[in-house]
Structure formats: structure tokens, C-alpha cells
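Breakdown of the fold
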Amino acid sequence: MNIHSLTLQNIIMVLIGLILGIIVLKLIFSSIKKIVGLMINSVLGVILLMIVNFFGAYVGISVNINLLTAIIVGIFGIPGIIFLVVFQNFIR
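Residues numbered from 1 in each chain as written. Predicted model: local features only at pLDDT ≥ 70, side-chain atom pairs only at ≥ 80, totals over all residues. Heavy atoms only, no water.

- As annotated in an unreviewed UniProt entry, the protein carries the name Pro-sigmaK processing inhibitor BofA and is attributed to Candidatus Sarcina troglodytae.

Below you can see the structure in the form of C-alpha cells.
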């Protein structure tokens with residue numbers, strides 16, 4: 001393909017392809033960033049649940065630690081811990 005044989009339609013198609021490629025890459029990387037953030041928050045949530053279980057053992061409060069509770073605490077933070085404590089100890 002010669003540079004002199006490029007038409008306006010070819011240039012527009014290349015620009016549209018580049019823009020779509022940038023949008024797709026941005027979507028992929030932003031979703032990966034959210035997933036990594038959720039994983040980090042979930043690990044911190046498990047640590048907080050361990051602390052709650054450690055101190056809660058003195059007063060008879062415990063929360064099961066599993067993937068679901070880690071994700072709940074990872075998403076909601078401290079309100080998630082309060083919800084789990086209330087749900088597992090007082091509602092059941």
C-alpha cells in the first residue's frame with residue numbers, strides 16, 4: 001500500500017479502529033483494577049474478621065470466615081462487619 005493511495009475513507013477507518021482499540025483496552029484495564037481492589041479489600045476484610053473473632057471470643061461473638069463473608073466485608077467495609085456480626089449472632 002502506497003502512502004499516496006490512501007483515501008479519506010481508509011484514514012477514517014484507521015482512526016475509528018484506533019479509538020475502538022483504546023476504548024476496549026481502557027475497559028479491560030479498569031475492570032482489572034476493580035478486581036484487584038476488591039481482592040485487596042477482601043484480604044483486609046478477612047484480617048478484620050479475625051480481629052473481631054479474637055476479641056469477640058471474650059463475649060461470645062464470632063463470625064465464620066469464608067469467601068462470601070470476605071467479599072461482603074471487602075465491598076462494605078466496617079458496616080459489612082457489623083451486618084455479619086448482627087446476622088450470624090443475633091438473627092440466626
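1. Some details on the packing of helix α1 (residues 8–56) against helix α3 (residues 78–91)
- Two numbers describe how α1 lies on α3: the axes approach to 11 Å, and their chain directions differ by 45°. Here α3 runs oblique to α1, going by the angle between their axes. Crossing of α1 over α3 shows right-handed handedness. Within the contact between the two elements, α1 uses Leu48, Leu49 and Val52 and α3 uses Ile78, Ile81, Leu84 and Val85. (Axes fitted to C-alpha atoms, helices over the stretch in contact; angles between N-to-C directions. Helix = DSSP H or I, 4+ residues; strand = E, 2+ residues; numbered from the N terminus. Parallel < 35°, antiparallel > 145°, perpendicular 65-115°, else oblique. Left-handed = near helix turned anticlockwise from the far one by under 90°. Contact = heavy atoms within 4.5 Å.)

2. Observations regarding α3
- The end-to-end C-alpha distance of α3, which contains 14 residues, comes to 19 Å, matching closely the 20 Å that a straight helix rising 1.5 Å per residue would cover.
- Gly80, Ile81, Leu84, Val85 and Gln88 are the residues of α3 that are buried. An end-on view of α3 places all buried positions within 135° of arc, on one side of the element. Exposed and oriented more than 90 degrees from the buried face of α3 are Ile78, Pro79, Ile82, Phe90 and Ile91.
- Looking at the buried positions of α3, the neighbouring elements they touch are α1 and α2 (67–76). (Expected span 1.5 Å × (residues − 1). Buried < 20%, exposed > 50% of the residue type's maximum accessible area, 1.4 Å probe, protein only. Arc of directions from axis to C-beta.)

3. So, the packing of aromatic side chains
- One pass over the structure, following the stated rule, counts 3 aromatic pairs.
- With centroids separated by 5.1 Å and ring planes inclined at 80°, the aromatic side chains of phenylalanine 54 and phenylalanine 55 adopt a geometry described as edge-to-face. Summarising the burial analysis for this pair, phenylalanine 54 and phenylalanine 55 share the class exposed.
- Both rings, one in phenylalanine 83 and one in phenylalanine 87, keep their centres 5.8 Å apart while their planes meet at 20°; by these two values the pair is stacked. (Phe/Tyr/Trp six-rings, centres within 6.5 Å; stacked < 30°, edge-to-face > 60°.)

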